[in-house]
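Chain residues, written in single-letter form:
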Amino acid sequence: MKESEWRLDLTAEEIESIDAALTKFEANYEDLSQLSSLTFELPAAFSQRLRKLSDQIYKGVGFQLVRGLDPSKYTPKQSLIVYAGISSHVCPQRGFVDVDGKGVVAHIVNVQAGGRGPTTTAPAFTNSPLSFHTDNCEVMAFFYMEPASSGGETILSSLWQIYNELAAKRPDVLYTLAKPWIFDSFKSYDFQPPRHVQPLRKLDSDKVPILFRFSRYGVLGWQRKRNPDLPIPTQAQIQAADAIQFIAMKNAFKLPAKKGDLLFANDMALVHAREGFEDGGTLMKRHLIKMHFRDPDQGWGIPASVENEWKTVYRSSEPDGIRKEIWHILHEPGLEEDSSVNG
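Residues numbered from 1 in each chain as written. Predicted model: local features only at pLDDT ≥ 70, side-chain atom pairs only at ≥ 80, totals over all residues. Heavy atoms only, no water.

Quick notes on the pairing of strand β14 (residues 262-266)
So, point 1. Most of β14 sits out of view: 5 of its 5 residues are buried.
So, point 2. Neither face of β14 is exposed, since L262, F264 and N266 on one face and L263 and A265 on the opposite face are all buried.
So, point 3. Where strand β2 (residues 63-67) and β14 come together, 4 bridges link them in antiparallel fashion. Within the sheet, the bridge partner assigned to L65 lies in β14 and is L263. (Buried < 20%, exposed > 50% of the residue type's maximum accessible area, 1.4 Å probe, protein only. Helix = DSSP H or I, 4+ residues; strand = E, 2+ residues; numbered from the N terminus. Pairing = 2+ DSSP bridges.)

The following block contains the structure:
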């Protein structure tokens, strides 16, 4: 795979136009929910260059990395404006990232750094490795605000390669994945009850023949143990989880991301994981901001069987059809509990 297929380097002129768009947006708008390709104005040629990334995300290698930004020159709010503004020219529709269907940004940090945070949490919010999983969206994005002192690399792997190898060598695993599973939330069930999931579904779509939604954490737990009142994972399910991890790692691509990079990954075509990392004594040094997007123009229609799931992520948040978004400028203690079960 050629680097030119998945990486776009911003020119000095393009960075200047991003800063100009930021200045103009700040002068005319207060609400970050107003961010769009119309309100974050970029030169037509640059906008079209960004727009073409969507073709690679949906029809090509499945991910794109935009390089050249320096988040240290922006305030936290400005970083979000730049992030969402650029993204609106790539994939114009934003999704929610929390179980409430309100927040559009998630700060991925080690909340247990220095022993000051919660004693248990989801693995995404620690410095431990993450197994391969999906995020239950269409396009997942990261803004690499600050890398770890060592480790912490994002790892991508093709869902199609996983499926094809299982079909050739372990069709029994595909059969297990096509059955109902129960994913624990490891949280108060009043807030986030267990999810009944069919990890693998065939869809009536020529563009998306299968839909794969999986998290090893939701099945096996980690620091938080699975509720004993829930069905114990079967040996077939454990073997399926192991097979996914093994095949994904065998075909994995370790992303050489740097500070300031923007990653857009097709969550319907790729699984992602993370290496463990060290922050060198700096509390919550490694900092990624996650958002969810989609591009309606690509024609990946929403199958009826998953329409409710998609509405949770991409719908209007209010009964009157108005979409109200919450933008968490900084990480606040406890926000990690609003995240859905993944990792």
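Observations concerning the sheet that holds strand β5 (residues 130-133)
So, point 1. Reading across the sheet, the 4 strands line up as β5-β15-β8-β13 and stay open at both edges, with antiparallel pairing between neighbours. In this open sheet, the two edge strands, each paired with only one partner strand, are β5 and β13 (253-254).
So, point 2. Note: strand β8 (residues 154-158) against β13, 2 bridges, orientation antiparallel. In the sheet register, L156 faces β13, and the bridge partner there is F253.
So, point 3. Sheet strands touched by helix α5 (residues 159-169): β8 and β15 (270-274). Its angle to β8, the strand with the most contacts, is close to 50°.
So, point 4. Sheet strands in contact with helix α8 (residues 235-250) are β5, β8 and β15, and its direction is about 90° off that of β5. (Contact = heavy atoms within 4.5 Å. Axes fitted to C-alpha atoms, helices over the stretch in contact; angles between N-to-C directions.)

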